[in-house]
Each structure stands twice: as C-alpha cells, then as structure tokens.
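# Chains, contacts and geometry: an overview
Chain by chain, the residues run as shown.
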Amino acid sequence: MSGVAATVRGRGAVRVPVRRLTVLYDADCSLCAFVRDWLVRQPQLVPLEPVPAASEEARARFPGLDHRSTLEEITVVGDAGQVYRGAHAWIVTLWALREYRRLAHRLSTPSGLRLAKGAVLAAAKWRGVRSGWGGSVYRRGDGWTYDPRDGWNYTPPDCEAGTCTAP
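Think of each chain on its own: its residues are numbered from 1, step by step along the sequence as written. With the structure being a predicted model, the display of local features is reserved for residues of pLDDT at least 70 and the display and counting of side-chain atom pairs for 80 or more, all residues being used for whole-chain, interface and lining totals. Side-chain measures here rest on the full set of heavy atoms in the structure, leaving out hydrogens and waters.

## Here's the deal with the sheet that holds strand E1 (residues 21-25)
- Here the rule is simple: two strands pair whenever DSSP picks up at least two bridges between them. In this text, helices come from DSSP runs of H or I with a minimum length of four residues, and strands from runs of E with a minimum of two, each type numbered from the N-terminal end. Strands sit in the order E2-E1-E3-E4 across an open sheet of four strands; the sheet is mixed. Pairing within the sheet leaves two strands with one partner each, and these edge strands are strand E2 (48-52) and strand E4 (83-85). The average angle at which neighbouring strand axes cross in this sheet is 25 degrees, direction not considered. Angles run from 0 to 180 degrees between N-to-C directions of axes, and those axes are lines fitted to C-alpha atoms, restricted for helices to the stretch in contact.

## Examining the pairing of E1
- Remark: exposure states derive from per-residue accessible area (1.4 Å probe, protein chains only) relative to the maximum for the residue type, with buried under 20%, exposed over 50%, and partly exposed in between. For E1, a buried count of five out of five residues is recorded, marking the element as mostly surrounded by other parts of the structure.
- Side chains Leu21, Val23 and Tyr25 project from E1 onto one buried face, and the interleaved Thr22 and Leu24 project onto a second face that is buried too.
- As defined by bridge partners, E1 adjoins E2 across five bridges and the pair is classed as parallel. Residue Leu21 lies in a different strand from E2, and its bridge partner there is Leu48.

## Some thoughts on the pattern of salt bridges
- Salt bridges are defined as contacts in which a side-chain nitrogen from Lys or Arg sits within 4 Å of a carboxyl oxygen from Asp or Glu. Scanning the model with the defined rule gives four salt bridges in all.
- The closest approach of N and O atoms between Arg61 and Glu49, which form a salt bridge, is 3.2 Å. Separated by 12 residues along the polypeptide, Arg61 in helix H2 (residues 56-61) and Glu49 in strand E2 bring together distant segments of the chain.
- Residue class for Arg61 comes out partly exposed when judged on its relative accessible area of 26%.

## Quick word on the pairing of strand E3 (residues 75-78)
- Residue alternation in E3 divides its side chains into two sets, Thr75 and Val77 and Val76 and Gly78, and both sets are buried.
- As defined by bridge partners, E1 adjoins E3 across four bridges and the pair is classed as antiparallel. Across the sheet, the residue bridging to Val23 is Val76, located in E3.
- In the sheet, E3 pairs with E4 via three bridges, with the strands oriented antiparallel. Bridged to Val76 within E4 is Tyr84.
- The hairpin formed by E3 and E4 contains four residues between the paired strands, and Gly81 there has a positive phi angle of roughly 95 degrees.

## Regarding the environment of Leu107
- With respect to the helices and strands, the residue Leu107 is situated in helix H5 (residues 101-107).
- What makes two residues a contact is simply this: any of their non-hydrogen atoms within 4.5 Å. When residues no more than four places from it in sequence are discounted, the contact partners of Leu107 are Ile91, Leu94, Gly112, Leu113, Leu115 and Ala116.

Shown next as structure tokens:
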C-alpha cells in the first residue's frame, strides 16, 4: 500500500472487507502500552497488529498518514486503507475482538458513539495528566516535547523523520 486515505468515506468502505487492522499507539504512554498488551492477549476475530505511532515502521507502511496526529489520538488503519480515528478507532478495535464485538455494535449507534467519545476523552485526560506528571514524554502537536530526563526539546515538524538539513 503506497498511501492511506484520509477517511473511510468515498472509498466504498462498506463493501471492502477488513481482514487486518494496524493499531497505532503512543509507545511512550503507559496507558497506551497497557491497552496494547491487553489487546494482543484478547481472542481476535480480525487480527490486530500494534505498531508504535510515528515510528519508522509506521511512516514506511503508511506514508500518506499524518503521523503527528497519530500521537495525539488513537488511529487504526485497515488493510484496504481505511483510517479510523478517536472513538471510531476504539469501536473498530473492539469489533475485531471476539468478546467485544457485541459491545462494538452497541457503541456504533448514535448514543453509543457519545459514550465511546466520552471514554476517549477520559483516556486523553488521563494521558495528559500522566504525561505531564507521570515521568513519561509529553508531546505537543507543534513540535515541542518534554522529557523529564532531558527537559524541553523542539523538532520542527518537517524534521520529524530525521530528513531535514541544518540551516
């Protein structure tokens, strides 16, 4: 796959079967790592493959994806190029699990989606508190990161892949 579609709309996603899902997660987030470990232990109806968000592997596999945004919200990519973000990503991930498919169907309703969005917001708030005070790396979308060991660092957005040249 040479690129990734921005959304599932317009790609005939209803007609395209999902045979594998790649879950992009923040490897520096303890909650994200915990959920990743939990996911791989669950019986899966659709195989889930966790890949660190914005990693070299993720960039090579999905060059058309906005990798900075994958560090800010959960992103799941289907094998046919479908991209799910936020609450939709949580729902499709649960849909892939044998024990949680019914719950995923309930969450895919309008009222269920509100509940799923609330869960995503709660996780994001927990992540924000933990990343600010829990000793892990805190990333902002504008290129700034804070690592308790090294302090604040700035990497211009166009240099994230290590391909920029010094002025």
